[in-house]
Amino acid sequence: MTKAIWLAGAAACSLLGGPAMAQTAPGPGAPVADAARQGVLVFEPVFFADARPDTALDMISRLPGFAFESGDSGTRGLAGTSGNVLIDGRRPSTKSDSLDQILRRISAAGVARIELIRGGAPGIDMQGRSVVANVVLIRSVSTERVIETNAYFYPDGYIGPVLSARWSRRDGDDQTEAAISGFSDRTDGTGEGFRRRYDASGNLIQDADLVLWDRIRTVRATGAVQRRIGGGLLRVNGLVSWFGNENSQDLLIRSGAGVDSFNDEEANEVNSELGINWTRDLGPRTGIELTGLQRYSTEDYTGVSESSGDSSTFAADSTTGESIGRAILRFRPNDRWAFETGGEAAYNFLDSATAYSENGVPIPLPSSSVKVEELRGEVFGQATWRPGPTLTIEGGLRVEVSEISQSGDSDLTKSFVYPKPRIQATWTPWAGHQFRFRAEREVGQLDFGDFVASADIDIGQVEGGNPDLEPEKTTVLEAIYERRFWGEGVFDVTWQHLEVEDVVDVIPLSGGFDGVGNIGDGTAEFFQLRLTLPTDRLGVPGGRFQTRGSWSSTSVLDPVTGEERRFQGNQAFGCGVAFTQDLMGGRWSWGFNHGCNVDKGRALRVREVRAFHAEPEVSAYVQWKPARDLTVKVDLGNATDRANGYDREIYTGPRDTAPLAFREVRRTRMSPWLFLQIRKTF
């Protein structure tokens, strides 16, 4: 292991050779380029054989140089919400069911191959991504039953059980599957630590113990049916889930002024979803895809804080829903051109009521009872052109039209029209070398939650709602260089420049409250290096060393001081190191991961500056497969018992004019944990 790390730097330097560098012949199971589709690497099951993966997600995690993204289910509509993995060339017609959960339910035995598409391929909508993976399923008849019995174990004796069961059957294109799962566990919201306050001169004025406790529970059921209907392929999927969260905080004063306080919070959420997707070939080079999606959820929250006979209560009840219809028409006249056009319409709503009281006396909040509704539509078209075997160019235009209205405590309606052009080029001048360039206009979405009042009970902070918001608009310039070597080795460099309009941040509201608003324009720069290094040639067989480092610089004018500063939560530096090794043909495997960066960014409010802190995280695992249908895995998480928390600077008023009242340092430790997984396939 030491030898592998020591030689990693030398290998990284040597792999940057130009076209004259000798190329290593691929070994057994190495990925092969698809000659018919330039830029596509095909990974057959034999490539993953030494790792003995259980699921499609295990296989995805083994793709060299590929960083899995599950997507953003919180984004309204379907455009841009999906992750970077396709299944049989399509994105799942679901948002509530995460992409990693879907891939976890697909057995590795049911995967025919995985295609790594870099820069685009005929009939594939990259949706602005430079790289996507396509999981191609087998068409043979198979029935599978999987049971998993897992549990989290903690040093204090707490056990968090995790149970799941799945049944699936495939017969050609016909598929039927059903799954149910449930768990009860804790998060890093359980732990012990301290909160210390210092005056402006640095003198300790209060020392307090923190005792945190939380519990999360969920039950989820999913199902899907796929059949040949109407000359095309119809897939219907559904989901029902419940999620509950309880947590408490006890603050016990050890010295200095102040009194003990006790906070309790409880939230319950119910989600349901129905999705329909139908695809059909209209001719040898033309196809259509129709998608419909309906989501509905309810949530209730109550937070109570008590201190020396005083109490405050914040309560919120909300109902949300989303209805989406989407149509896509694809046409590929030849192998050099591919066209796609379509449209999407969606209706979204949030109906929320919040209430805040102190000692039983109601305190008015900005936008405490509102209903937010949105009608949005989008039309789009794109073309993919391959002028030669080494160059792919993709251009597209999306035009978004939306109307957001709020009723309740205040009535307001806003309409938006935003064109979103994109152009992307992929150039592969020599084998193993690829350059990708992208220029795109992106438009963010307004968070309906920002329209409504909210609270952080644990620090006694209430935030007002603000309906007068504009979405962020960003112009993105991106360049990526990728070098593949040694069969599974990948080195890539990413650079991005962003021009951001109407940055969303925290601003002062009436009544002395803070809220979310727009603070002007800003810029951002991002640079990242990543290396995936197979260690067989370095004397460590079956191993893979991965490392990354990223640097970012952001700039915007602070709405309170008028001075230049970073974006909220922006991390200046990020890094990580990981190593995995497969032994005895995958019968045994082990690995570790180290998230080495400490910088977690800052949050700035009108009267506060908060710097987040988290010590580097270390995790490790050992996996044993005594048989093809049985897997036993033990994960060790939070191995170093890292401390989390933040440093706060609290001012007596707006921080541009008021003096510093005190500084606060908060740290807690969760404790390490073991996760035992037992997976049996029948």
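Residues numbered from 1 in each chain as written. Predicted model: local features only at pLDDT ≥ 70, side-chain atom pairs only at ≥ 80, totals over all residues. Heavy atoms only, no water.

### Thoughts on the nonpolar core
With 24 residues, the main nonpolar core has Ile60, Leu63, Leu103, Ile114 and Val135 as its most contacted residues. For Ile114, the contacting residues outside a window of four places in its chain are Leu41, Val42, Phe43, Phe48, Met59, Ile60, Leu63, Ala133, Asn134 and Val135. Formed by 11 residues, the second largest nonpolar core is a distinct cluster that contains Val372, Val443, Phe448 and Leu469. (Core = buried A, V, L, I, M, F, W, Y, C linked by side-chain atoms within 4.5 Å. Buried < 20%, exposed > 50% of the residue type's maximum accessible area, 1.4 Å probe, protein only. Contact = heavy atoms within 4.5 Å.)

### Details of unusual backbone geometry
In this structure, Arg52 is a non-glycine residue whose phi angle is positive, near 45°. Its location among the elements puts Arg52 in the loop between β2 (40-43) and α2 (56-61). Positive phi, normally seen in glycine, also occurs at Asp502, with a value near 55°. As for its placement among the helices and strands, Asp502 is situated in the loop between β24 (489-501) and β25 (504-508). (Helix = DSSP H or I, 4+ residues; strand = E, 2+ residues; numbered from the N terminus.)

### Points about the pairing of strand β17 (residues 369-388)
For strand β15 (residues 337-358) and β17, the ladder comprises 17 bridges, and the chain directions are antiparallel. By the bridge assignment, Gly342 is partnered in β17 with Phe380. Pairing of β17 with strand β18 (residues 391-408), which is carried by 17 bridges, proceeds in the antiparallel orientation. Residue pairing for β18: Gly388 is matched across the bridge by Leu391. Hairpin geometry of β17 and β18 is characterised by an intervening segment of 2 residues between the two adjacent antiparallel strands. (Pairing = 2+ DSSP bridges.)

### Considerations on the environment of Ser164
Mapped onto the secondary structure, Ser164 falls in strand β7 (residues 159-171). Classification of Ser164 as partly exposed rests on a relative accessible area of 25%. Expressed as a C-alpha distance, the spacing of Ser164 and Phe183, which sit 19 residues apart in the sequence, is 8.6 Å. What Ser164 contacts, discounting residues up to four positions off in sequence, is Val146, Ile147, Glu148, Ile180 and Ser181.

### Section: the confidence of the model for the protein
Within the protein, residue pLDDT values average 88, and 89% of them lie at 70 or more. This model gives residues 1-28 a pLDDT under 50, and the stretch forms 33 contacts once residues within four places in sequence are excluded. (pLDDT = per-residue confidence, 0-100.)

### Regarding the pairing of strand β33 (residues 608-614)
Where strand β32 (residues 599-604) and β33 come together, 4 bridges link them in antiparallel fashion. If you follow Arg602 over to β33, its bridge partner there is Ala611. The loop that links β32 with its antiparallel partner β33 comprises 3 residues. Strand direction decides the pairing type here: β33 and strand β36 (residues 643-651), joined by 7 bridges, are antiparallel. Among the inter-strand pairings, Glu608 is bridged to a residue of β36, identified as Ile650.

### Some thoughts on the state of the cysteines
Scanning all chains against the criterion turns up 1 disulfide. Disulfide pairing is shown between Cys575 and Cys596; the S-S distance is 1.9 Å. Here Cys575, found in strand β30 (residues 573-583), pairs with Cys596, found in the loop between β31 (588-595) and β32; they are 21 residues apart in sequence, far enough to count as distant. Look at Cys575 and you get buried, because its relative accessible area is 7%. Since its relative accessible area comes to 25%, Cys596 is described here as partly exposed. (Disulfide = S-S within 2.5 Å.)

### A short note on the pattern of salt bridges
Note that side chains of opposite charge can pair when their charged atoms are close. Per the counting criterion, the structure on display carries 53 salt bridges. In this structure, Asp207 engages Arg196 in a salt bridge whose closest nitrogen and oxygen atoms are separated by 3.3 Å. Placement of the pair is Asp207 in strand β10 (residues 204-229) and Arg196 in strand β9 (residues 191-198), with a sequence separation of 11 residues. Residue Arg196 is classed as partly exposed on the basis of its relative accessible area, which comes to 28%. One salt bridge in this structure joins Glu440 and Arg422, with 3.8 Å as the shortest N-O distance. A residue pair is termed long-range when its members are at least 10 positions apart, and Glu440 in strand β20 (residues 433-443) and Arg422 in strand β19 (residues 412-430) qualify at 18 residues. On the basis of relative accessible area, Arg422 is assigned to the buried category, the value being 7%. Each of Arg195, Arg197, Glu608, Arg610, Arg648 and Glu664 takes part in salt bridges that share partners, so that together they form one network. (Salt bridge = Lys/Arg side-chain N within 4 Å of Asp/Glu carboxyl O.)

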